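Below, each chain spelled out in residue letters.
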Amino acid sequence: MGIAANIGPRGRAILTAIVETYISTGEPVGSKTIAQAGGEQWSAATIRNVMADLADAGYLDQPHTSAGRIPTAEAYRYYVEQLTGKARMSQEDEGKIDSMLAGASDVQEFMERTSRVLSLVSSSVGVAIASTGARNTLEHVHFSRLGDHRILAVVVTKSGLVRDRVLRLTHDMQQADLELAARYINDNFRGWNMEDLRAELLRRIENERSEYDRLMKSIEHLCRQGALTEDAAPPTVYLEGASNLVQREEDKERLAQLLKTLEEKGKVAELVAAYLDARQEAVRVVIGLEDVAPHLRNLVLIGAPARANGEVVGSFAVLGPTRMDYEHTINAVSHIARLFDHILNEGDESR
């Protein structure tokens, strides 16, 4: 049994009208407004009675004695449930998003643009997170000698993530040895996920040491110095639109707490990860984030995993107040997630 199943068809229709009206106007909604919007299929008196029942059931609040009603978090959850699988994006909106993201050639560029796009379409905070880790599959590696005992190790994954790291080696290596090691890894392990790659390399180092003694010693030294280590790198967080909260949050103390949370990119990544599951296929909407922190109780997260070539390489999300255009934002996040996979797949096929 879904949310609001106990209030009947008329109650659900009126609740939907109240939520949509409040999202549109930002003003408490009265019975006369709903009666006029519904073509007066119900009288104002009938609507008042239904609104009283909805308030008793926990779906409406009355901020002031003489004012209309506003939706509660439970009302928004009901409303989102009705949108699930039914919302559709207009061709005009799709075209706008496509044009803003056109030409993004790798994960970083796409993510950076996406945070701006999500902020614009939602009038809230747009978040895009590019993660690193053992799930990434290798495209190629490159090693460059920078000087005595220092090299630049560049790892590129098939999904377009690029991670470079300067390593200080315990013994020096010449560029020729670095190129030979990179060639061996690229020829043998392109398309392997990083965790399996490292395990197999260590196995080969032991079994093939006598046959490729110098090469394997070079590769072993590079591996032990972290040349192929992915899981130590924190996710990259792109965030736009914190100023949108300043315009909409009236509680100054809560606003200060929100902004402090957003300033710490690591906390934003943890917040999104707490609610998004890499296994999910559809967009997830979470209304009220108080499980993470009490001051986030009036915040909404709308997000989805970012997939490329079948692997999860990050996530997209919007963080905003409960009064937001849910349908438009859900559609935007869903469309961007599909577009991301399409663009990155095209990029992989063209290489």
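In case you missed it, the structure is sitting above this.
Let me begin by describing the structure that accompanies this report. (Residues numbered from 1 in each chain as written. Predicted model: local features only at pLDDT ≥ 70, side-chain atom pairs only at ≥ 80, totals over all residues. Heavy atoms only, no water.)

Some remarks on the overall build of the chain
Next, step 1: Within the chain, the regular secondary structure consists of 13 helices and 10 strands.
Next, step 2: In the chain, which comprises 351 residues, the proportion classed as buried is 48%.
Next, step 3: Intrachain contacts of the chain at a sequence separation of at least 6 include 63% that bridge at least 24 residues.
Next, step 4: Of the accessible surface of the chain, which amounts to about 17300 Å², a share of 46% is contributed by carbon and sulfur atoms. (Helix = DSSP H or I, 4+ residues; strand = E, 2+ residues; numbered from the N terminus. Buried < 20%, exposed > 50% of the residue type's maximum accessible area, 1.4 Å probe, protein only. Contact = heavy atoms within 4.5 Å. Areas by Shrake-Rupley, 256 points an atom, 1.4 Å probe, with all protein chains shown as cover.)

Topic: helix 11 (residues 252–263)
Next, step 1: Spanning 12 residues, helix 11 covers 16 Å between terminal C-alpha atoms, matching the ideal 16 Å at 1.5 Å per step.
Next, step 2: Those residues of helix 11 not exposed but buried are Arg 254, Leu 255, Leu 258, Thr 261 and Leu 262. On an axial view of helix 11, the arc spanned by its buried residues comes to 125 degrees, and they lie on one face. Residues of helix 11 that are exposed and angled more than 90 degrees away from the buried face: Lys 252, Glu 253, Lys 260 and Glu 263.
Next, step 3: Elements that come into contact with the buried residues of helix 11 comprise strand 3 (125–130), strand 7 (236–240), helix 10 (242–248), helix 12 (265–275), strand 9 (299–308) and strand 10 (311–321). (Expected span 1.5 Å × (residues − 1). Arc of directions from axis to C-beta.)

Regarding the packing of aromatic side chains
Next, step 1: Considering all chains together, one arrives at seven aromatic pairs under this definition.
Next, step 2: For the ring pair Phe 110 and Phe 316, a centre distance of 6.1 Å and an interplane angle of 45 degrees mean the geometry is tilted. With Phe 110 in helix 6 (residues 107–122) and Phe 316 in strand 10, this pair connects stretches of sequence that are 206 residues apart.
Next, step 3: Ring centres 5.0 Å apart and planes at 80 degrees place the aromatic pair Phe 189 and Trp 192 in the edge-to-face group.
Next, step 4: Here the aromatic cluster, defined as three or more aromatic residues joined through ring pairs, consists of Tyr 76, Tyr 79 and Tyr 326. (Phe/Tyr/Trp six-rings, centres within 6.5 Å; stacked < 30°, edge-to-face > 60°.)

A word on the side chain of Thr 137
Next, step 1: Inspection of the secondary structure assignment puts Thr 137 in the loop between strand 3 and strand 4 (138–147).
Next, step 2: With relative accessibility at 16%, the residue Thr 137 sits in the buried group.

Let's talk about the pattern of salt bridges
Next, step 1: Applying the stated criterion across every chain, the model contains nine salt bridges.
Next, step 2: Among the ionic pairs, Lys 96 bridges to Glu 92, the shortest N-O distance being 3.7 Å. Linking Lys 96 with Glu 92, this pair stays in helix 5 (residues 91–101), spanning four residues, or about one helical turn.
Next, step 3: For the salt bridge of Glu 264 with Lys 267, the shortest nitrogen-to-oxygen distance reads 3.7 Å. (Salt bridge = Lys/Arg side-chain N within 4 Å of Asp/Glu carboxyl O.)

Some words on unusual backbone geometry
Next, step 1: The residue Ser 123 is not glycine, and still its phi comes out positive at about 55 degrees.
Next, step 2: By the secondary structure assignment, Ser 123 is in the loop between helix 6 and strand 3.
Next, step 3: The class of Ser 123 is partly exposed, set by a relative accessible area of 40%.

Here's the deal with the sheet that holds strand 4
Next, step 1: The three strands are arranged 4-5-6 in an open sheet whose pairing can be described as antiparallel. Looking at strand neighbours, the two that pair on one side only are strand 4 and strand 6 (162–168), the edges of this open sheet. The mean angle between the axes of side-by-side strands here comes to 15 degrees, regardless of whether they run parallel or antiparallel.
Next, step 2: Here strand 5 (residues 150–157) pairs with strand 6 via seven bridges, running antiparallel. Counted as the bridge partner of Val 156 is Val 162 from strand 6.
Next, step 3: Of the strands in this sheet, strand 4 and strand 5 are in contact with helix 7 (residues 175–189), which crosses strand 4 at around 175 degrees. (Pairing = 2+ DSSP bridges. Axes fitted to C-alpha atoms, helices over the stretch in contact; angles between N-to-C directions.)

Here's the deal with the sheet that holds strand 3
Next, step 1: Read across the open sheet, the five strands follow the order 7-3-10-9-8; overall the sheet is antiparallel. This sheet does not close on itself; its edge strands, each paired only once, are strand 7 and strand 8 (284–287). Within the sheet, the average angular offset between the axes of one strand and its neighbour, ignoring direction, is 20 degrees.
Next, step 2: Across 10 bridges, strand 9 lies against strand 10 in antiparallel orientation. Residue Leu 299 lies in a different strand from strand 10, and its bridge partner there is Pro 321.

Section: the nonpolar core
Next, step 1: Among the nonpolar cores identified, the biggest contains 57 residues, and Leu 15, Leu 54, Met 111, Phe 316, Tyr 326 and Phe 340 are the most heavily contacted of them.
Next, step 2: The dominant element in this core, judged by the number of residues it contributes, is helix 13 (residues 326–350), at nine residues.
Next, step 3: Counting 26 residues, the second largest nonpolar core, distinct from the first, contains Ala 182, Tyr 184, Leu 197 and Ala 227. (Core = buried A, V, L, I, M, F, W, Y, C linked by side-chain atoms within 4.5 Å.)

No statement about biological role is implied by the geometric values presented.
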